[in-house]
Structure formats: C-alpha cells, structure tokens
Amino acid sequence: MNSYNIYNNISNNNYNTSCLDIKQISYEIKELGFKKESERLENCCKNKVYVECDCRIYIFPIMCMNKLCPKCSKLRSYRIFKQYIEILKEYKIAHSIYDRGLRLLTLTIKNQFSLEKGIDILYESFKRFKQRIYFKRNIFGGIGVIDFTQDKEGLWHVHLHLIINSNYLDRQYKGQDPKLVQEWVVCTKGLSNGAGLNIKPIRNYKGSLNYVLKYITKTINNISPKDLAIFYKTTKNRRFLFT
C-alpha cells in the first residue's frame with residue numbers, strides 16, 4: 001500500500017475514537033497553554049490539500065500529528081514500522097537466553113501518585129541507564145515506547161517496552177539480585193524495588209515490532225482527558241520513541 005492510500009485509509013476510518021473524548025482532550029491541552037496544538041487536534045483530517053500530479057488529483061488530509069490523536073498515532077506507527085523493520089532484520093534473534101541477539105525488555109518503576117512525576121523518573125532513569133558501563137558493554141541498540149496504566153488505587157504504572165540487541169543480561173549473582181536488576185535499581189535511585197523487570201524472547205521480527213509499536217496507538221481507556229493532557233505536556237519536548 002502506497003503512502004497516499006495509507007493517508008486516506010487512516011483519515012477515513014475511526015480508530016476507536018469513540019473511546020477518546022477528542023474535544024475534551026483538546027480543551028485540557030488548551031488549558032495547559034497549547035492553544036495551537038489544541039486546535040490542530042480537534043480539526044485533524046477535517047481539511048484537505050489537493051495536489052495535481054500526472055493528470056490526476058490527489059487528496060491529502062491535513063493531519064495534526066498529535067501523539068494523543070488515534071489517527072495520527074496510527075500513521076506514526078506505520079512510518080516507524082516501515083523505517084525499522086529492515087533494520088531489525090540485520091540482527092539475529094536470540095533463540096537462547098545465552099545468545100547475543102534481539103530480545104524484549106520491559107523496564108518499570110514503582111507506581112506513582114503523580115503521572116507527571118512517574119514519567120520524569122522513567123525518562124531520567126533510562127538516561128542514566130544508557131550511560132552505565134554495564135549498558136555499554138551488554139546492550140548494543142534498540143527501540144522502545146513508553147506506556148502507562150492506572151491501577152484501582154489511582155497509582156500510575158509507568159514503564160518502557162523495548163526491543164534490544166544485547167548479550168545475555170540476567171546474570172545471577174549468588175545471594176544477590178541479577179546484575180541487570182542491580183543496575184536498574186541504581187539508575188532509578190531505588191524506585192524500581194519491587195517493580196517488575198522482564199526479559200522475553202522474540203519469535204519473529206514483524207510480531208515483536210508490532211508488539212512494541214502498539215503502545216503508540218492503543219486507546220487508553222478509563223483515563224481522564226485531564227490526565228492525558230498532563231501526559232502530553234510532560235512528554236511534549238521529549239522523544240516518544242526510545243532508540
């Protein structure tokens with residue numbers, strides 16, 4: 001499917017937008033000072049651009065490219081998939097836990113009362129993690145996406161889903177936590193104690209990349225527009241895709 005068909009397929013379909021109150025989210029973003037972004041989100045795909053080429057007129061929707069917009073998130077996910085799938089195929093999948101290769105890694109912190117604080121902690125922790133000697137010796141690249149959910153007590157579970165190219169990481173020390181866990185605890189300044197840190201095998205390239213990228217497009221149910229606006233503000237000038 002070419003880019004023109006992708007644009008129109010996305011703009012003409014409803015990607016669970018009924019689960020998201022776009023107008024209310026736009027209002028909350030505007031209240032936080034993002035007036036222009038609010039208007040673009042609310043008017044996404046409502047206006048068109050007409051381009052004449054090779055005796056044919058192409059109609060392109062004007063998209064907002066807001067990370068909270070289901071349609072634009074779908075397009076972003078498609079672009080990222082197209083960009084990274086061939087790159088991933090240059091590396092072998094780790095079929096044994098002891099192999100060097102591609103595997104899935106989830107990094108989490110303790111649940112937080114504040115979504116904004118949780119996001120800040122995760123970003124800063126991962127930044128420190130990438131600077132550690134352990135990381136540089138054992139992890140050689142990857143791609144990942146931030147995700148967050150809210151539990152029944154109202155606490156925020158903020159975490160990263162990553163595909164990494166690495167050595168065997170879960171090195172058990174006698175009477176101690178695995179080295180990976182020790183390193184992550186240091187980077188989070190103790191805020192990962194008791195939180196899950198998980199490594200999983202990859203079965204195939206396409207499935208694993210789709211698994212990670214789905215967190216860009218998934219509809220966030222039971223989370224208020226105000227909280228989504230806070231997420232937007234906190235990640236506004238930060239990379240949404242971790243590489």
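Let me sum up the structure you'll find in this document. From a predicted model like this one, the values you see are computed outputs, not experimental measurements.

## Some details on the pairing of strand 2 (residues 56–61)
Reasoning step 1: Where strand 1 (residues 48–53) meets strand 2, six bridges bridge the pair, whose relative direction is antiparallel. Bridging from a neighbouring strand, cysteine 53 pairs with arginine 56 of strand 2.
Reasoning step 2: Hairpin connection, strand 1 to strand 2: the antiparallel pair is bridged by two residues, and aspartate 54 has positive phi, about 55°.

## Here we look at the packing of helix 2 (residues 22–31) against helix 9 (residues 225–234)
Relative placement of two packed helices is described by the angle separating their axes and the distance separating the axes.
Reasoning step 1: Between helix 2 and helix 9, the shortest axis-to-axis distance is 8 Å and the interhelical angle comes to 50°. Here helix 9 runs oblique to helix 2, going by the angle between their axes. Here helix 2 and helix 9 pass one another in a crossing that is right-handed. Where helix 2 approaches helix 9, its residues Gln24, Ile25, Glu28 and Ile29 are matched on the opposing element by Pro225, Lys226, Leu228, Ala229 and Tyr232.

## Things to note about the pattern of salt bridges
Reasoning step 1: Enumeration according to the criterion identifies five salt bridges in this entry.
Reasoning step 2: Between lysine 179 and glutamate 183 there is a salt bridge whose closest N-O contact spans 3.2 Å. With lysine 179 and glutamate 183 both in helix 7 (residues 179–187), this residue pair falls four residues apart, about one helical turn.
Reasoning step 3: Note on lysine 179: relative accessible area 24%, which makes it partly exposed.
Reasoning step 4: Through salt bridges with shared partners, a single ionic network connects Arg132, Lys179 and Glu183.

## What about the side chain of serine 26?
Reasoning step 1: By the element assignment, serine 26 lies in helix 2.
Reasoning step 2: On the basis of relative accessibility, which here comes to 1%, the residue serine 26 falls in the buried class.
Reasoning step 3: Not counting chain neighbours up to four residues away, the residues in contact with serine 26 comprise Ser38, Leu41 and Glu42.

## Remarks on the layout of surface pockets
To find leftover empty space, a probe the size of one water molecule is rolled over the atoms.
Reasoning step 1: By volume, the largest pocket amounts to about 290 Å³.
Reasoning step 2: Around the largest pocket sit 17 residues that line it, and Ile97, Arg103, Asp170, Ile199 and Lys200 are the ones nearest its centre.
Reasoning step 3: In the lining of the largest pocket, the residues fall into 12 nonpolar, two polar and three charged.

So, how was this worked out
Residues numbered from 1 in each chain as written. Predicted model: local features only at pLDDT ≥ 70, side-chain atom pairs only at ≥ 80, totals over all residues. Heavy atoms only, no water. Pairing = 2+ DSSP bridges. Helix = DSSP H or I, 4+ residues; strand = E, 2+ residues; numbered from the N terminus. Axes fitted to C-alpha atoms, helices over the stretch in contact; angles between N-to-C directions. Parallel < 35°, antiparallel > 145°, perpendicular 65-115°, else oblique. Left-handed = near helix turned anticlockwise from the far one by under 90°. Contact = heavy atoms within 4.5 Å. Salt bridge = Lys/Arg side-chain N within 4 Å of Asp/Glu carboxyl O. Buried < 20%, exposed > 50% of the residue type's maximum accessible area, 1.4 Å probe, protein only. 1 Å grid on protein atoms, 1.4 Å probe; cavity = no way out; pocket = protein on both sides within 12 Å on 5 of 7 lines; lining within 4 Å. Points joined across faces, edges and corners; volume = space filled by probe spheres on them. Nonpolar A, V, L, I, M, F, W, Y, C, P; charged D, E, K, R; others polar.

Keep in mind these values describe shape, not function.
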